[in-house]
Amino acid sequence: MSQHVAVLLLGSNKNNPKMQIDKAISNIINSGCTIVNMSKIMETLPTEFDSYNNFCNIALEIKTFLSPIKLLEALKQIEHDMGRVHDSAYFGEYRDREIDIDIVFYDNISFLSNKLKIPHFKHAFEREFSKELLSEICK
């Protein structure tokens, strides 16, 4: 069984966002993933919705034995365990959140299912803050 390389983008704008990012990173490590590289934490304004709470965002490069779907399931469980109950993909709207973890890249594959799309186009190619964070770790 070989390890895969994935790139994640994490964001939080509730309940001490920097602490939430740190907690999510610990949970990712505890799920069996290895952190290979990480960007700086960047504070950003909310995108696609209004909020008084700014986001903290970070990009991570990880190694994992999990398949794309199993990695997604592990990350969704981390989000749930950290208090996230509304997922914009399913509820059709963005809200303040304790943590959001997106799989931006996984190895060099393109993947499409009803639950997951890799690469994650909004973060990989459209959002400026994402592109800046990703450029720090994807060299």
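Please read all numbers here as calculations on a predicted model, not as lab measurements. (Residues numbered from 1 in each chain as written. Predicted model: local features only at pLDDT ≥ 70, side-chain atom pairs only at ≥ 80, totals over all residues. Heavy atoms only, no water.)

Q: Let's hear about the overall build of the protein: which residues, and what values?
A: Scanning the protein from terminus to terminus reveals five helices and seven strands. Beginning at the N terminus, the succession of helices and strands in the protein can be written as β-α-β-β-β-α-α-β-β-β-α-α. Burial analysis of the protein (139 residues in total) assigns 43% to the buried set. A fraction of 67% describes how many contacts in the protein between residues 6 or more apart in sequence connect residues 24 or more apart. Of the roughly 7600 Å² of accessible surface on the protein, 52% is carried by carbon and sulfur atoms. (Helix = DSSP H or I, 4+ residues; strand = E, 2+ residues; numbered from the N terminus. Buried < 20%, exposed > 50% of the residue type's maximum accessible area, 1.4 Å probe, protein only. Contact = heavy atoms within 4.5 Å. Areas by Shrake-Rupley, 256 points an atom, 1.4 Å probe, with all protein chains shown as cover.)

Q: Account for unusual backbone geometry, with residues named and values stated.
A: For the bond from I118 to P119, the omega torsion is 0 degrees, close enough to zero to count as cis. Counting through the fold element by element, P119 comes out in the loop between β7 (117–118) and α4 (121–126). If you check the backbone angles, N15 has positive phi at about 55 degrees while not being a glycine. Assignment of secondary structure puts N15 in the loop between β1 (4–12) and α1 (17–30). One non-glycine residue with positive phi stands out, namely N16, at about 60 degrees. The topology assignment puts N16 in the loop between β1 and α1.

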